Amino acid sequence: MSELIKKTATEIAALVAGGETSAVEVTQAHLDRIAAVDDRVRAFLHVDTEGALAAARAVDERRAAGEQLGPLAGVPVAVKDVLTTKGVPTTVGSKILQGWRPPYDSTIVRRLRDAGTVMLGKTNMDEFAMGSSTEYSAYGATHNPWDLGRIPGGSGGGSAAALAAYEAPLAIGSDTGGSIRQPGAVTGTVGAKPTYGGTSRYGLVAFSSSLDTPGPCARTVLDAALLHQVIGGHDPRDSTSIPQPVPDVVAAAKRGATGDLTGVKLGVVTEFSGEGAEPGVLAAFRDAVEALTKLGAEIVEVSCPHFRYALPAYYLIAPSECSSNLARFDGVRFGLREGDDGNRSLEEVMSLTRDAGFGPEVKRRIMLGTYALSSGYYDAYYGQAQKVRTLITRDFTAAFEQVDALISPTTPFVAFEMGARTSDPYQMYLADLFTIPTNLYGGPGISVPCGLADGLPVGLQVMAPTMADDRMYRVAAALESVVGTLTPPAL
Amino acid sequence: MAAISREEVAHLARLSRLAVTEEELDTFAGQLDVILQAVAQVGEVAAADIPPTSHSVPLTNVLREDVVVPGLTPAEALSGAPDAEEQRFRVPRILDEDVAS
C-alpha cells in the first residue's frame, strides 16, 4: 500500500508541485487502492482508469512545461454519480439511466477538470439521491469502512466511503436534505453543503431543484475548503446561481486551524440537543461543545421552535418537486425504454419504462409528491409546507441576530446496520432530522468529526447564514484542531 | 383511519405513469399511509397569514445577450436515445389506430 493514499489533498498537491511525486504516481496509487478494497467497500459505480491516468499525465506535462497550476492540480477526486460527465457513465444510482453516457460535462466537473484535478470515477448513491444509507441504489449498497456491516450514510455514501477507505482524498457530493453531511458524519469525514446557489446545478441530475446543492467532501476541513473554492462561484448556466464571489473559505479554514475562537458566538439548537438523538451521539456532541468553549467561543442555547416541522415540510416539498422533475424520464430522449413492441401506445410504454426503471423509494416519492400537489390536497400539504418553510427561515434569521453560527449533532444516530431501516421508509427519513432545516433555509452547513460513540464516528454540524460559508469553515477547522482526524480500522 | 386508500394509491400510480403491480400497490398503500400521517403534522402550525417560500434565493428573470453559442450536434443530442430516426427521437404511437387512420 502506497503511503500516498493516506495523505491529505493539501499534502498531495504540495508533493506534486514540488516535484517529489507525479500526478500519475498519485493517481496510480489510488487506482491500486480501489482495486484492493472496493470489492468490499463498493464505493464506486464506475472507475475511469484510462481517463484518470490521461488527466494525470496532462497535469505532469503542463507542470514540466513550466505552467503555473492551481492549488489542487494533480489531486484525485471521486464524483458522485449525480453529476454528468461527458462520455463517462452517469446513472444517478438508477436502472433508468443504466449505460447512459452524457454528451456534456456538468459545471462542477468542468471546473474540476480545469483545475487539474484527476477524476477517478463515479461514486455510488441512493437512487436519485433519495435515501440516507445508499441501500436504495439500484446497483447494491456501499459499505461503511468503519464496519462493513453498517451503512455509510446517504445519499452520498459512495463519496464518503471512498474518503474513509483512502480510495480518494477528495470527493464531490450533493445535498438536498443532508446527503453530504450525514454520510460525512457516519464515516468520520468532512462534508460541506454550500449556500444554495453558491455552487452550480448545471448538469446535476435534478431531484428537488429548490434544495439540491452540490458540495465538497474531504478528510480535512482545509481540503474541503480548497475544493469548495474550486467548484464554487457564479455560473451563468444556472439561473439560481448567486452572482457573487465565493466567501474566502480557505482563509477561514486556516484561521480556524489556529484554534482560536475568541469573539465567536455559537448557538446550540435547543430542539436538536435533547430528545431524538442516541445517548452516545449526545455525549460526543457535549464534549465537542466543551472543547469549543475552551477555544474561546461563547456558547448559548437558541430555540428554533419550527425546526421540529422541518422534516414533515421537507417530505412534502422535496417529493412534490421530484414528481415534477422526474417526469423527464419518459423513455424517449435518454435511458431505458421498456415494452416498446410496436403495438403499445406511448403512454403504456412510458408507464412500463418508469415501473421497470425506478426503484421503490423513488416511486414512493413520486406518488407522494403527486398526492401533495393534487387539487384538493395542495393547500393542506404543499401550500402549508411552503408556509412552514418561511417560518423555519425566520427561525434562522432570528437566531443569526443572536449568534454567529448554530451547532447541533449532524445526525441523530451513528452508522446503523444494513437493513435496519429499509422496511420502514419513515425511520430512514429520521436520519436527516437535523440537516434538513438548513436546506429549507438555503444556508450553508458542514459536518466535522467530533468523536466516537461505541467505536463509530459522530459528526458535529455547523450552520451559518446564507453566503457566510466562511464562518462554518472557521468553526469546523477549530474543532478539528482539537479532535483531529478519525482513522478507521484497517480494511 | 387510513390517510390514503389502496384505490387512491392506484390512481396516483396512473397519474405518475407508473405501471405498478397489485403486490406493489399493497406495499405502497401501507407505507404512504404512514408517511402521510407523519407529514400531516405541518397542519399543526398556525400559518394562515404566513407567505409561502418556494425558493431561498429571491428569483427574478435572468437574461443574457441573444447570441448564438455552440450547442450539441444532432448526433450528440440523440446519443442517449432509446430509438432515433432521421435525426429525430422515435417514439411509440401517440394516437389510437382508429383516430390516426
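None of these values were measured; they are calculated from a predicted model.

Novice: Provide a residue-level description of the overall build of chain B, including the pertinent values.
Specialist: When helices and strands are tallied, chain B shows four helices and two strands. The N-to-C order of helical and strand elements in chain B reads α-α-α-β-β-α. A compact globule built from 101 residues would reach a C-alpha radius of gyration of about 13 Å, whereas chain B, at 23 Å, exceeds it by more than 25%. For chain B, the C-alpha atoms occupy an extent of roughly 55 × 45 × 25 Å along the three principal directions. Taking all 101 residues of chain B together, 20% fall into the buried category.

Novice: Requested: an account of the pairing of strand β2 (residues 76-80) of chain A, with residues and values cited.
Specialist: Residues and elements named next belong to chain A. Across the five residues of β2, five count as buried, placing the element largely inside the fold. Strand direction decides the pairing type here: β2 and strand β3 (residues 118-123), joined by five bridges, are parallel. From the neighbouring strand, V77 faces β3, where its bridge partner is M119. In the classification by handedness, the crossover that spans β2, the intervening helix α4 (residues 107-114) and the parallel β3 is right-handed. Relative to strand β4 (residues 170-175), β2 runs parallel, the two being bridged by three bridges. Paired with V77 across the strands is L170, a residue of β4.

Novice: Run through the interface of chain A and chain B, naming residues and quoting values.
Specialist: Contact with chain A, which involves 55 residues of that partner, is made by 45 residues of chain B. For the side of chain A that touches chain B, the elements supplying multiple residues, two or more each, are α10 (310-325), α11 (346-357), α12 (360-372), α13 (379-402) and α14 (425-429) of chain A. Element by element, the count of residues in the side of chain A that touches chain B is highest for α13(A), at eleven residues.

Novice: Explain helix α3 (residues 49-64) of chain A to me, using residue names and the numbers behind them.
Specialist: Because an α-helix completes one turn every 3.6 residues, residues spaced three or four positions apart along the sequence face the same direction. Residues and elements named next belong to chain A. Over its 16 residues, α3 runs 23 Å from end to end, which matches the ideal 22 Å to within 8%, given 1.5 Å per residue. Regarding α3, the residues found buried are A52, A55, A56, V59 and D60. Around the axis of α3, the buried residues are gathered within 140° of arc, so they sit on the same side. For α3, exposure combined with an orientation more than 90 degrees from the buried face picks out E50, E61 and A64. Buried residues along α3 sit against α2 (23-41), β2 and β3. Phi turns positive, to about 85°, at G66, one or two residues after α3.

Novice: Break down the sheet that holds strand β1 (residues 44-47) of chain A for me, citing the residues and quoting the values.
Specialist: All names here are of chain A. The eleven strands lie next to each other as β1-β3-β2-β4-β6-β5-β10-β11-β9-β7-β8, forming an open sheet whose pairing is mixed. With one partner strand each, in any of the chains shown, β1 and β8 (298-302) form the two edges of the open sheet. The average angle at which neighbouring strand axes cross in this sheet is 30°, direction not considered. Strands β7 (265-269), β8 and β9 (405-409) of the sheet are contacted by α13, whose axis makes an angle of about 150° with β8.

Novice: Can you explain the environment of A:R308? Please cite residues and give values.
Specialist: All names here are of chain A. On the secondary structure map, R308 appears in the loop between β8 and α10. You can call R308 partly exposed: it has 17 C-beta atoms within 10 Å. For the pair R308 and F272, spaced 36 residues apart in sequence, the C-alpha separation works out to 8.8 Å.

Novice: Run through the packing of helix α8 (residues 249-257) of chain A against helix α16 (residues 469-483) of chain A, naming residues and quoting values.
Specialist: Residue and element names in this part refer to chain A. Remark: α8 packs on α16, axes separated minimally by 7 Å, with the N-to-C direction vectors making an angle of 30°. As summarised for this structure, α8 and α16 are arranged roughly parallel, according to the angle between their axes. When the axes of α8 and α16 are compared, the crossing they make is right-handed. Contacts between α8 and α16 involve V249, A252, A253, R255, G256 and A257 on the former and, on the latter, D469, D470, R471, Y473, R474, V475, A476, A477, A478 and S481. Across the contact of α8 with α16, the residue classes tally to nine nonpolar, two polar and five charged.

Novice: Run through the pairing of β3(A), naming residues and quoting values.
Specialist: All names here are of chain A. For β3, a buried count of six out of six residues is recorded, marking the element as mostly surrounded by other parts of the structure. Bridging between β1 and β3 involves three bridges; their strand directions are antiparallel. Looking across to β3, one finds that F44 is bridged to T123.

Novice: Explain helix α2 (residues 22-39) of chain B to me, and be specific about the residues and the numbers.
Specialist: Along its 18 residues, α2(B) runs 25 Å from first to last C-alpha, staying within 8% of the 26 Å computed at 1.5 Å per residue. The set of residues buried in α2(B) consists of B:F28, B:Q31, B:L32, B:I35, B:L36 and B:V39. Buried residues along α2(B) sit in contact with α10, α12 and α14 of chain A together with α1 (6-15) of chain B.

Novice: Any details on the packing of α12(A) against α1(B)? Residues and values, ideally.
Specialist: Contact geometry for α12(A) and α1(B): axes closest at 9 Å, N-to-C directions at 100°. Compared by their axis directions, α12(A) and α1(B) come out roughly perpendicular. Contacts from A:M367, A:T370 and A:Y371 in α12(A) reach B:V9, B:L12, B:A13 and B:L15 in α1(B). Across the contact of α12(A) with α1(B), the residue classes tally to six nonpolar, one polar and no charged.

Novice: Please set out the confidence of the model for chain B residue by residue, giving values where relevant.
Specialist: Residue and element names in this part refer to chain B. With 93% of its residues at a pLDDT of 70 or more, chain B shows a mean pLDDT of 90. The spread of mean pLDDT over the elements of chain B runs between helix α4 (residues 97-100), the lowest at 55, and α1, the highest at 96. Listed scores for the predicted complex are pTM 0.97 and ipTM 0.93.

Novice: Account for unusual backbone geometry, naming residues and giving values.
Specialist: All names here are of chain A. Omega for the peptide link from G154 to S155 comes to 10°, which places this bond in the cis form. Mapped onto the elements, S155 comes out in the loop between β3 and α5 (157-164). For A129, which is not glycine, the phi dihedral falls at a positive 65°. If you trace the backbone, A129 turns up in the loop between β3 and α5.

What counts, and where the lines are drawn
- Numbering of residues starts from 1 in each chain and follows the order in which that chain's sequence is written.
- Chains carry letters and ligands carry numbers; both start at the beginning, A for chains and 1 for ligands, and go up in the order they are written.
- Reporting in this predicted model follows two pLDDT cut-offs: at least 70 for local features of residues, and 80 or more for side-chain atom pairs to be given and counted; totals over whole chains, interfaces and linings ignore these cut-offs and use all residues.
- Counting from the N terminus, the helices are the DSSP runs of H or I reaching at least four residues and the strands are the DSSP runs of E reaching at least two.
- Here the radius of gyration uses the C-alpha set of atoms, whereas the globule reference equals 2.2 Å times the residue count to the power 0.38.
- Three exposure classes are used, based on other C-beta atoms lying within 10 Å of a residue's own C-beta, which is placed from the backbone: buried for 20 or more, exposed for 12 or fewer, and partly exposed in between.
- Two strands pair under a simple rule: DSSP has to find at least two bridges between them.
- Here is how to tell: hold the view so the strands point away, follow the path from the first strand over the helix to the second, and if it runs clockwise the crossover is right-handed.
- The contact criterion used here is simple: two residues whose C-beta atoms, placed from the backbone, lie within 7 Å are in contact.
- Expected helix span is taken as 1.5 Å per residue step, with the number of steps being one fewer than the number of residues.
- Regarding the arc, it is the one traced by the directions from the helix axis to the C-beta atoms.
- As a rule, the C-alpha atoms of each element are fitted with a line to give its axis, helices using only the stretch in contact, and angles between N-to-C directions run from 0 to 180 degrees.
- In what follows, roughly perpendicular refers to angles from 65 to 115 degrees, roughly parallel to angles under 35, roughly antiparallel to angles over 145, and oblique to any angle outside these ranges.
- Should the near helix be turned anticlockwise from the far one by less than a right angle, the crossing is left-handed, and should it be turned clockwise, the crossing is right-handed.
- Gly is placed with the polar residues, together with every amino acid not listed as nonpolar (Ala, Val, Leu, Ile, Met, Phe, Trp, Tyr, Cys and Pro) or charged (Asp, Glu, Lys and Arg).
- For every residue, the predictor reports its confidence as pLDDT, a number between 0 and 100.

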